[in-house]
Structure formats: C-alpha cells, structure tokens
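As a plain string of letters, each chain reads:
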Protein chains: 2
Amino acid sequence: MSKVRVVIENVTPRVDCGQFPAKRVLGESVAVEADVFTDGHDSVAATLFYRHESTPEWHSVPMSALINDRWQARFTVQALGHYFFTVAGWVDHVETWRQGLAKKYEAGQDVELDLQTGAALARTVSERVRDTDARTLKEWANAVGDPARDREERVVLAQSETVHEIARRHPDPEIVARHEPPLVIDVDRKRARFSTWYELFPRSASPRAGEHGTFADVEALLPEVSAMGFDVLYLPPIHPIGATERKGPNNRASCAAGDPGSPWAIGGKEGGHKSIHPELGTLEDFGRLISKAGELGIEIALDIAFQSTPDHPYVREHPEWFLKRPDGSIQYAENPPKKYQDIYPFWFETPDWNALWAELKSVFDFWIAQGVRIFRVDNPHTKPFAFWEWVLAEIRRSQPDVIFLAEAFTRPKVMYRLAKAGFTQSYNYFPWRNSKREIEAYFKEITSRPVCEFFRANLWPNTPDILPEYLQFGGRPAFMVRLVLAGTLGASYGIYGPAFELMEDRPREPGSEEYLDSEKYQVRTWDRDRPSSLKEFIARVNRIRRDNRPLQSDTGLTFHTVDNEALIAYSKTNDSGTESVLVVANLDPHHVQAGWVTLDLESLGLPLDTTFQMDDLLSGARFLWRGPRNFVSLDPGHSPAHIFRIRRRVRTERDFDYFL
Amino acid sequence: MSKVRVVIENVTPRVDCGQFPAKRVLGESVAVEADVFTDGHDSVAATLFYRHESTPEWHSVPMSALINDRWQARFTVQALGHYFFTVAGWVDHVETWRQGLAKKYEAGQDVELDLQTGAALARTVSERVRDTDARTLKEWANAVGDPARDREERVVLAQSETVHEIARRHPDPEIVARHEPPLVIDVDRKRARFSTWYELFPRSASPRAGEHGTFADVEALLPEVSAMGFDVLYLPPIHPIGATERKGPNNRASCAAGDPGSPWAIGGKEGGHKSIHPELGTLEDFGRLISKAGELGIEIALDIAFQSTPDHPYVREHPEWFLKRPDGSIQYAENPPKKYQDIYPFWFETPDWNALWAELKSVFDFWIAQGVRIFRVDNPHTKPFAFWEWVLAEIRRSQPDVIFLAEAFTRPKVMYRLAKAGFTQSYNYFPWRNSKREIEAYFKEITSRPVCEFFRANLWPNTPDILPEYLQFGGRPAFMVRLVLAGTLGASYGIYGPAFELMEDRPREPGSEEYLDSEKYQVRTWDRDRPSSLKEFIARVNRIRRDNRPLQSDTGLTFHTVDNEALIAYSKTNDSGTESVLVVANLDPHHVQAGWVTLDLESLGLPLDTTFQMDDLLSGARFLWRGPRNFVSLDPGHSPAHIFRIRRRVRTERDFDYFL
C-alpha cells in the first residue's frame, strides 16, 4: 500500500456508494469518470477496466484527463446483464521524466544525466514486460543512454510514443491504486429505455355492446394499436376474479349479479395468479395474442398484482401466508378507517416467508414461460424492498431481457428505492406536474444525477386510477398537450385507452380523480372510430418519436426560458450532439399564448449568431429562427405545441456553385 | 435479513461514503440524519446509536421524523478522538396498531378485535424485556384485552405512552435494519475550530537593528501579540539552516558572508529537524517561550517542513532516503526547468520507506515532547497522502489535542484530500478571492456539505510567500477590509506580521507576490510602534471575535444581496439561532460606495415587518433598520466595513410600565 501515491475518488456512474448498479441499455456508451491525482507535480496515468459478468477477463481503456483532476474513458455495453468496471491510476514516472526533459532541453540546460535517467527507467520497465516489448525498451534505453550518440537525436528519441505506450501498459504493480470493489452496470434491452405503451381492458375489447371482451377481440384491435405507433400493449390482470365482497360499478360496496368485479381482486374458484379468467379465453388464446402482437412489433405486458381475494386458492392452501386476527379470521387490507374486505394482503413477515417468496417468483416464471417479457407490477411499494431486490435479480440472472415497470405512486424515496432494487421503469409524478415550474423542477431532478442513473420514468397522462384534473377541465387541447409532453419529455410513455384518445373526462364525482363508470368495475363498450378521436394525432407523435433519436433517451434534456408562464420550451439532444428536437407547448388549454423563447444555444450546439431552420414535425410548417430570441404563438384550438426538428445549417448563397 | 422491511439511506454527516471521518470540536452537537422508510403504510421507528472509541458501550437516542422520510437525532461530543455512530430502524407494529385503532375508534367502528390485537402485540414484546417492563406490558395487555372492562377506558389505555416507549426500546431484533459499518466523527479541541494566528520570524524579533533575534526577543513581544488578541503564535522553522547553495536576500542564487539563509532550508552541521538554530537560543529557551506564551493564553505553533539541505545529517546518515541520479549524486528539487539545488526532497518511494516514515513521525513526537500542540505543515501536498493519513492518525491516537494546519496551496481536490487525510485546518484560496463574486462562490463551497464536514479553512490575507496584488495597490483600506473579511468569514484566521499591521506592500518586482526584502532570506528590523500601525484595529476585530459566538464557527453563514458589486454583505448566526452578526464591507479601497442591502430575514430569524437595532461593533455607532431593505454607505478612508451585532428586539413605548 505504502508506495501507492495516487488516490482515486468519486468514480461515476455510481449509485449509493456502489450499493446498486447504474442502468444502461444495449449499445450505449458508458462514460466513466473519476478524480485521479497524486501528491506533488508528477504525471499521473489512469486506466478504465471493465468486463461482462460472463467472463473473468478485464478489458482496459486508457483514460484522458479532463480538467481539475477529473479523468474519463468510455466503454460500450454489448451484452445483457451485469458489467463490472473500475478505475486504476498510478504515478507515471516515464511521462514525468519525458516532460521534464523536454522543458530542460528547451531551456538550453545540460540533459545528459536526464537521458541516463530515462534509459534507467526504461530498463526497469523492460524487466516486467514480454519479448518484443522488452526488446524495444532495451534497444531504446541503449540508444537514449549512449553518450557517444548525437545528443539531439537522443532527445528526439526520448519523446518516442511507442516506448511510453509500452510503459503505460505496464505500470509497476506496487504503485498502482485501484478503486475497489468494482462498480456495476445493469444492461437492459433497448425497449427498457424507449417504449410506447398502450393500456386496455381486454373485457371491454368486444365491438358488441354489453359483451365481455376476449383475447380474440384484443387480437382484432392489434392493427389499430400498431397504427397508433405503440410497441407495448399492457393488460390489467387477466386472472379469475374473486366473488366474495366483490365491488360493484363505481366501486360500490355491493355488486349485482353479472357485475364483473375488479381485475385486481385476484383469485376465484377457477384459480389464482397462474390462471386465466375464463371469459377472456384460454392459455392458448393468450399465447396466440402474444404471437400475433409480436408480428406487429408489439409486446404484451402483463400486470402482476401480489394480493388475493378471500376466494384465492392460496387462502385455502397456504393460510400461513396471511396475517390472522385474534378471532382466527384473516386480516383484510386496511388503511384505517378504510377497509378493503375483498383483498387479503400477503403477510411478508410470515415465518414461512421463504416459501411465499418462492411461490411469488414462480408466478413470474409461469408467465415468462408463456412468452411474456414485460411486467407492470401493481403497488410494489406495499411489498418489502428486499423481496424485490431478490426476485428481480433472480429472474434477470437467467432472463436478462425481462422488463419490470413499477407502479409505485408513493413517496419519492420509496419510489426511488424500488428503482434501485431493480425495477426497469417506474411510474412517477408526471400526472400531477402540470405547470411550467412543476414540470421543469421534476424533470431536472429525474434526468440529473444521481436519479437518472437508476430511475427510468415511464410517463402516463392518465391511468385507470388517475383522471387528472387538468384533463377533466381542459378539453381536447389538454389531452393533446399532455400527450406531447409525455411523448417528448419521456423516452417511455403510455396512455390508458381508449379513454385517452376518446378524451373521456368525467370523474366519478367532483374533486375525484376516478373515472366515472370506470372499467375497473364494469365492462365498457367504446366507439373507437369516433371522428373526434385523437388516434391520428397520437400516431403522428409516435412517428416523430420513432424518427428522432433525441426522443428515444431521457438524457440531453435542456429547458429554455420563455417570458410567458403558460409556455414551456425544452430541447432534447442525442449523445453525440448531432440531432436536436425543440418542443414549445402551450400549457393553457383555453387561450392563445405567445412569447419570446430564449434558447440556450450552447446546449443545442448552435453558434450565437446564426440562422437555423425549425421544422415543425406536428404541423409540417417551417420557420427560420436566428440567434437566441425568437417569437412563438400557440393557439390551443389549433395545435397546442410545436415539435421542432432543428436543422442546424441553413444554406446561403455561398453554398451554391454559381456563387463562386 | 428477509424479515427486515426498513431501509436506511443517506446517513449524514458522512465523508466519501464513510471512508473518512467528519470533524467536530468538543462540546458540539452532531445532527445525525438519515432516510428511514419501509414498504407500505406501517409506522417506522429509528434510533441513533453512538459511542466514544474508549468504550464498547453504545448510547441510543430516539430519532424524530422531519419531512420526506428524513429522520434526525443529535448527540454531543464530549471527548477528544473518535466517536462512532450509526442508525437503526424498524417497522413499529405497536405504533401502527395504535394509530389505526385511534382512527377506527374516531370513525365509530367496532374495535374489539383491534384491542385484542394490541394485547397480543404487547405480550409478544413482553417476552423479550426484563422484570418491571415485562410486568408493565403484561398488566397493560390484560387490561386492554379484557372484553369485560369498559371499552372506552381500554381505548384510552391503548394510547399509553409508557407502554409504547417500552416497546420502542425493545424492537424485535429480527426486523431491525442497521446502517453498517458505523460512521466516524473525529473530535478536536475547540481551538481547532476557532483560532487567531500571528506569524513572525523570531530572527527579526530583536528591537536592535541588524541583530539576529532570539526566543528571548520573541518572549518580549508576547504581551503585544496578546494585546492584539491572538491565541496562536506561529514560528517559521527554527532549525539549523544549510550552508550549501544558501540563498541570498531576495532569493538571490548566491549569498554573502553573514546572510542567514531561508529557515525552510533545513539542516546544517548543527543538526536537523530535531535541533534548534543556535542563534535563536537553546531548547530550554524555547521551552520557556512556550511556557510564557501559555501564561498569556497563547500557544506556539511550529512549522514542520519535511525537506533537507545537502548539509542535513539525514543525507549522511540515510542516503537511502533520497533519490540518486545516474551519476550517484542526490536529486535536488526541480520544477523543470527550475532547479532548487539547496533542497533535497525525501524519496517517499524508497525501499526503506517504513524507516523514513517512522523518522518523520519522530520529528513530531520530539516537538510534542517539548510542549508543542500545534503544527503548521509546509507543503504537505508534495508528500504522499497515505503518509499523512498514517502519521496524523498515529499521533492523534495518543495525543488527540494536537492540531495540524496544512499549507497546501495547490489544486482543490488535493487540498481537500489532505483535509480528509486528517489535517485539522487548511490554508486555502482566500488570498486570491477579492471580488464579491469570488468570495461568495468560494465561501458557499467551503461552508456547505460535503466540504464543511472535513475542511476547516484558516484564512490568511498575507503570508511570507504571498503579498496579494490587492494589498499592493489598496493601501490602508485594503489591509483593513481584508482583515475584517478574514476575521469574520473565518472562525480561524491569521496574519503574517508585523508586515501586515505595518502595511508592508512593496513586492520584489512588479507582478510578483513576493515581498521585497523578504524575511525569508534576511533579518529585518521592524518599527512595531509606528503610529500608523493597524495594531489597535486588529485588537478591536479580535475582541469582536471573542465576544460574538457566531464568529467562532464556520457554520451559519448567509450572503445577502447588495445592489452594488463593490459592497458585500453576509451574516453569521450561531447554531441555536439566538445571535447574529452582519458584516457589510466595501471591497473598493479607493472610493466611497453606497447601496441597498436586501437582507434574507428568514436566515436571521427576523420577522418581515419589524425594526431592529444594528450596533456597529467597529465604530460603536448604532442604526435602526427596518424590514429587508436598508441603506449602507462606506467610506474606505474612514472605515471600510461595518460589523453589526443585530439586536433583534427594539423597545417600543409598550415596553414601558407607564404605557399601561
């Protein structure tokens, strides 16, 4: 230890001191940075080491100094699962010598002894390297150290990059500092980062009014879902629904005969979490749905809600997995004074916890075996973090392409902890961030370090549980602007349809965010082809997402100033800085709003004094902008937003041959 | 592990993930915070555990919830050395039950089963507690669980704080999460935080022109140093000075007979780091100086500079501690193309490094044995961090009251690393932070987390190496304002005198920050009683520091807005918020500057609409201010700053008896 003079601090990316992995997707470049420095004035060298979990072999990349003792190197993740990386640094005596020699020679000093010193250094290095390298070093040392040779020639030789490169690859192990333990990157497939979700209730998929929909009906809707540009079709739970204490329409405490109950009240006489509600179809029907969807580039995401009704087979077969009350009855869910008698939560502190954990894991395993690769997990924040950390890691160890979306509408630290524990994507506060100030503050937080390293937001303007006030009162422009925000602020977003595209906006009662006649408790029939539907608009936004790489990642987000609180402006730029999209949206669904946008030109890679072309991908209109300040006016009745592709360079007459 | 549902994150204070201790001084209160939370809606409890290194016994303090899942508790450090602390948390089933019961009862629900549940919970707890507590719990359980008793009485009993307090002290160990390993606080004595330094060259202490000063001459100056209000007297190295390659006045390459050389050129025929330069006196004289100083409340701080001249005994006795050049000569210090042939640096990568480290440690040990408890360490950034980490910890293990000031004028991360490695105080960039913007940015950085947890700035407006440009051109007002800034921005500060109070401002040459005729290379005679001396002003500032607790700590600093870039305003408030000092300074030494100060009243604990009295402790003048905006005008020719004590409450007629 004691001859190690280099220290390494603040290695990034790193989550909670290395306790959790940072997340990336296949093909992404990981920029590793660290503070690497030593005492005194000697030169330092640093190397990034990385390896995939499947191999013990480390790859190395020399790091470059940025400013202020910060070093950087990159590697690309090309396999799913875990990568390990770390940083090593050491005092580079050869480089220190080389620079000193150059300065002294330039100052006209006698460098004979310095040339001897360099020769001695090279000979020392040659002792720890192999054949060719050793020979190169020795020959070089003999030449540089030979007083009989021409002095100037030796000084030129002393600067040889070949020799320094060999030396840098073979530092004296006694002086190398290495950050331990290595840090971890968890690599997902690309859809973990860029995905476009559509949620529907299969039982409302029938085109025939009053009929209970089936998987076959969902199959028939696939072309429409695909035409709208979605690549994930998410279904609420498809399992048998409990009869005991079943809720009626609009969450009424009692239900009438024929009321279908909530799909989240899982477990009936027909089975539990590994069974299918008979009215939806069979396991084979479900398999065909997955396969047909796949043909259209759509994946089926399944809802996993770990809770039981009193009718669930678990209650009979494993009463030890439920907390008992003093009278021997099972404790139903409560949020005092509210009671949910139709739901029995699992008792995670049961002495039999290990069997319970194993069984819950087997639920995922079962559906994975049916071909499901994406799960939306219901209320994960009401189950222990340790359970999630275990089950997600266990599953991904053998199935690293499986994606988990956490539906944890809860306090921020709980939400973040679930993401750290391994959830691929997360629901978040987007539904309640409507003003410019709220949106800017929240998106700065989740797209900056440390949050962006582990938390991937999936933005939902609505869900079956959330009809935000903004949509209740804003009409068509509100739906349009929230869709644009979701689809351009978030590389992953989703809508609950057809309630969204048909602009369903009636709450159960004033002040409530519950839908009136919610599909959670009843079968609905939708007129999907109503002319007012936002289908076409949604399809356009999703096409823009597919065509513009900056919208496929949550990095590169910059907010720009607008002198009108109702207008928000932000840009997204891809990693290499070659493409930028600028969104300007009118958050006021009722009035025309206009104002001056002041662009942060540096973030867009634009020179201060230049003209650039703004192509509005929504309307097809084109604008010429110049410099940072430009005027925008948006009429919500027409289109509440611009999604501009910035064309960096506008031709001038000098670009044409005939100008010459 | 698996029944543990609570997680603990982001425990503070913590430096570099717990790699280094946070610093405090005796008697300070440590506010420990952590994010503590669980899944679901259950109540959580958290406890702070702490102990001094001298005892294995942990003390515990219940933590309180702040907002957003953040918890806090405090403990006071009452012994020098290391304290360990950690945080434990668990799901508080008893509290969850108690709250649920209250809500249900209020809602008029039947709570009979809930009362039974509570009784069962208490019986479970009673199994893991002792005599009295167990009896209390059982009696309580019998009462609460007895259906024959009055229901309302049982509900009241259920809220018993006694019982819940017992339960909270005895959580089920199977469900307790504990942050591991514990974190460390390094406790210094108070002078580590609040100290007022005066540096002088003993050899220039003689009142007789041309004579080499002695320790006895320094002794004679002690009353003056004390009258100015200093409590640390720092002496440059007092060791024998080398003769080989000795530098002449103004750092000339050659010296004449009688030139004394630089005190930092350590080692001559009379000895090395454990010897005293004969012209200064003997070890006994030095001991007497320490003791006389002590009588005036002044400590002597010694300069330790780990480097040797060619004449140092080490060169002869331990040639293996120095790097050899190919011709067998010892490598002198270089910063190519500059050469420092009078200085031989130690070779810390020598194979004999462990003997070298031990010898260097023995230098500190030697002077500690003579009674020195404060060291100013010269250029620590040119020696390995690992050495400092080792030697400072080793010394402080047995002598935890020893203070080390790092003179590391170097890059920021190197400077910070030395502080983390164990230096008590640090030189810093204060000499070069002169404009409002520079001062605000720098002091925000060093008084905020994470820096403030490990880095204690000691502010020097000048040193023998640094005569800042600002002092060269600003005249008397510049010296005054830099003194006020140093003494009020920094709980620790120092001046190099008498150059400072006599306003020595001539550089060696234009553009240089070296003093002309620097004491580093020659003996100077000073007219300490010159009427223009800033002695009295310095004494006043130091008295203000002693009388006002907010100035004795680097916490509680807030900058306030002034609409004039030449005026800076900042306040310091003590931990409990009872005392505040506001400084307004004119940074322009040439012109009267005036402007409106906008106070951050919240940081001062002042209501928005109130009148408060501002007592200028420098001039004795009093001002009545009201609300946030108040006018200030400062004439540098008179006094370039106000140091206000804020008297929060101003009497009104209602405060007098006769008003009633």
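**Points about the overall build of chain A**
Here's step 1: Assigned secondary structure in chain A consists of 14 helices and 28 strands.
Here's step 2: Considering only C-alpha atoms, chain A reaches an extent of 105 × 75 × 45 Å along its principal axes.
Here's step 3: Taking all 660 residues of chain A together, the buried fraction comes to 59%.
Here's step 4: Counting only contacts in chain A whose residues sit at least 6 apart along the sequence, the fraction spanning at least 24 positions is 74%.
Here's step 5: Carbon and sulfur atoms make up 51% of the accessible area of chain A, which totals about 26,600 Å².
Here's step 6: Positive and negative side-chain charges in chain A, numbering 80 and 94 respectively, have mean positions lying 1 Å apart.

**Notes on the side chain of S639(B)**
Residue and element names in this part refer to chain B.
Here's step 1: By the secondary structure assignment, S639 is in the loop between β27 (629-634) and β28 (641-647).
Here's step 2: Of the polar contacts made by the side chain of S639, one reaches the backbone oxygen of A641; its length is 3.1 Å.
Here's step 3: Aside from chain neighbours lying at most four places away, what touches S639 is L618 and L634.

**Describing the state of the cysteines**
Here's step 1: Throughout the structure, instances matching the rule amount to one disulfide over all chains.
Here's step 2: Between the sulfur atoms of C17(A) and its disulfide partner C17(B) the distance amounts to 2.1 Å. Because the sign of the S-S torsion sets the handedness, a value of about -95° for the bond joining C17(A) and C17(B) places this disulfide among the left-handed ones. Residue C17(A) is found in the loop between β1 (6-12) and β2 (22-25), and its partner C17(B) is found in the loop between β1 (6-12) and β2 (22-25); the two belong to separate chains.
Here's step 3: We classify C17(B) as partly exposed; its relative accessible area is 37%.
Here's step 4: The structure places no disulfide on C452(A), whose sulfur is separated from the nearest cysteine sulfur, that of C17(A), by 16 Å.

**Brief notes about the interface of chain B and chain A**
Here's step 1: On the chain A side, the residues contacting the 49 residues of chain B number 49 residues.
Here's step 2: Carbon and sulfur atoms supply 58% of the area buried between chain B and chain A, which totals about 4,800 Å² over both sides.
Here's step 3: The tally of links from chain B across to chain A stands at 12 salt bridges.
Here's step 4: We note a salt bridge from K413(B) to D35(A), for which the minimum N-O separation is 2.8 Å.

**What about the environment of T525(A)?**
All names here are of chain A.
Here's step 1: Looking at the element boundaries, T525 is found in the loop between β20 (492-496) and α14 (535-547).
Here's step 2: When the C-alpha atoms of T525 and G267 are compared, they prove to be 25 Å apart, with 258 residues separating the residues in sequence.
Here's step 3: Sequence-distant contacts of T525, defined by excluding residues within four places in its chain, comprise S206, P207, R208, A209 and G210.
Here's step 4: One polar contact links the side chain of T525 to the main-chain amide nitrogen of G210, over a distance of 3.3 Å.

**Things to note about the relation of the copies chain B and chain A**
Copy one and copy two of the chain differ by a rotation about an axis and a translation along that axis.
Here's step 1: Superposition record for chain B on chain A: RMSD 0.1 Å, screw rotation 180°, translation along axis 0.1 Å. Taken together, the turn and the small shift mark the pair as related by a two-fold rotation axis. Of the C-alpha atoms belonging to chain B, the one lying closest to the rotation axis is found on C17(B), 2.9 Å away.

**A word on the sheet that holds strand β7 (residues 70-76) of chain A**
Here's step 1: Across the sheet, four strands lie side by side as β1-β3-β7-β6 (chain A); this open sheet has antiparallel pairing. The sheet terminates laterally at β1 and β6 (64-65) of chain A, the two strands that pair on one side only.
Here's step 2: Most of the contacts of helix α11 (residues 412-421) of chain B go to strand β3 (residues 29-38) of chain A, to which it runs at about 70°, and overall it touches β1, β3 and β7 of chain A.

**Considering the packing of helix α6 (residues 215-227) of chain A against helix α7 (residues 283-295) of chain A**
Residue and element names in this part refer to chain A.
Here's step 1: It is the contact of α6 with α7, at a shortest axis distance of 9 Å, that shows an interaxial angle of 5°. One finds that α6 runs roughly parallel with respect to α7. Contact residues: α6 offers F215, A216, V218, E219 and L222, while α7 offers D285, F286, R288, L289, K292 and A293.
Here's step 2: Classifying every residue of the contact of α6 with α7 by side-chain character gives seven nonpolar, no polar and four charged.

**Topic: the side chain of E33(A)**
All names here are of chain A.
Here's step 1: Residue position: E33 is located in strand β3.
Here's step 2: Of note is the side chain of E33, whose polar atom sits 3.1 Å from the side chain of Q72.
Here's step 3: When neighbours within four sequence positions are excluded, E33 is seen to be in contact with N10, V11, T12, M63, L66, R70, W71 and Q72.

**Some words on the pairing of β7(A)**
Residue and element names in this part refer to chain A.
Here's step 1: Pairing of β3 with β7, which is carried by seven bridges, proceeds in the antiparallel orientation. Bridging across to β7, V30 finds its partner in F75.
Here's step 2: Connecting the antiparallel pair β6 and β7 is a turn made up of four residues, with N68 showing a positive phi of about 55°.

**A few points about the sheet that holds strand β17 (residues 403-407) of chain A**
Residue and element names in this part refer to chain A.
Here's step 1: Taken together, eight strands build an open sheet; the order of strands is β18-β17-β16-β13-β12-β11-β20-β19 and the sheet is parallel. Edge positions in the sheet fall to β18 (425-426) and β19 (458-459), since each has one partner strand and no second.
Here's step 2: The pairing of β17 with β18 spans two bridges and is classified as parallel. Note on β18: the bridge partner recorded for L405 is Q425.
Here's step 3: Across the sheet, helix α13 (residues 469-489) is in contact with β19 and β20; its angle to β20 comes to roughly 150°.

**Regarding the domain arrangement of chain A**
Residues and elements named next belong to chain A.
Here's step 1: According to the domain assignment, chain A contains domain 1 (7-187), domain 2 (206-547) and domain 3 (551-659).
Here's step 2: Here the C-alpha centre of domain 3 lies 35 Å away from the C-alpha centre of domain 2.
Here's step 3: Listed per partner, the contact involves 29 residues of domain 2 and 29 residues of domain 3.
Here's step 4: On the domain 2 side of the interface with domain 3, the three residues burying the most area are K436, T488 and I544, jointly 27% of the side's total.

**Re helix α15 (residues 535-547) of chain B**
All names here are of chain B.
Here's step 1: Here α15 contains 13 residues, and its C-alpha end-to-end distance of 18 Å stays within 8% of the 18 Å for a straight helix at 1.5 Å per residue.
Here's step 2: Those residues of α15 not exposed but buried are K535, F537, I538, A539, V541, N542, I544 and R545.
Here's step 3: Here the buried face of α15 lies against β11 (195-199), α6 (215-227), α14 (469-489), β20 (492-496) and β28.

**Quick notes on the packing of aromatic side chains**
Aromatic ring pairs: the centre-centre distance and the angle between the two ring planes describe each pair.
All names here are of chain A.
Here's step 1: Scanning the entire structure with this criterion turns up 92 aromatic pairs over all chains.
Here's step 2: Between F348 and F387 the ring centres are 5.5 Å apart and the planes differ by 50°, which places this aromatic pair in the tilted class. Of this pair, F348 sits in the loop between β15 (338-340) and α9 (353-369) while F387 sits in helix α10 (residues 385-398); the two residues are 39 residues apart in sequence, bridging distant segments of the chain. This pair shows no difference in class: F348 is buried, exactly as F387 is.

Cut-offs used in this document
Residues numbered from 1 in each chain as written. Chains lettered and ligands numbered in written order. Predicted model: local features only at pLDDT ≥ 70, side-chain atom pairs only at ≥ 80, totals over all residues. Heavy atoms only, no water. Helix = DSSP H or I, 4+ residues; strand = E, 2+ residues; numbered from the N terminus. Buried < 20%, exposed > 50% of the residue type's maximum accessible area, 1.4 Å probe, protein only. Contact = heavy atoms within 4.5 Å. Areas by Shrake-Rupley, 256 points an atom, 1.4 Å probe, with all protein chains shown as cover. Lys, Arg positive; Asp, Glu negative; His and termini not counted. Charge placed at Lys NZ, Arg CZ, Asp CG, Glu CD. Polar contact = N/O pair within 3.5 Å; in protein donor to acceptor, adjacent residues only side chain to side chain. Disulfide = S-S within 2.5 Å. Buried area = accessible area lost by both parts, 1.4 Å probe. Salt bridge = Lys/Arg side-chain N within 4 Å of Asp/Glu carboxyl O. Least-squares fit on C-alpha atoms with pLDDT ≥ 70 in both. Pairing = 2+ DSSP bridges. Axes fitted to C-alpha atoms, helices over the stretch in contact; angles between N-to-C directions. Parallel < 35°, antiparallel > 145°, perpendicular 65-115°, else oblique. Nonpolar A, V, L, I, M, F, W, Y, C, P; charged D, E, K, R; others polar. Domains from an automatic or database assignment. Expected span 1.5 Å × (residues − 1). Phe/Tyr/Trp six-rings, centres within 6.5 Å; stacked < 30°, edge-to-face > 60°.

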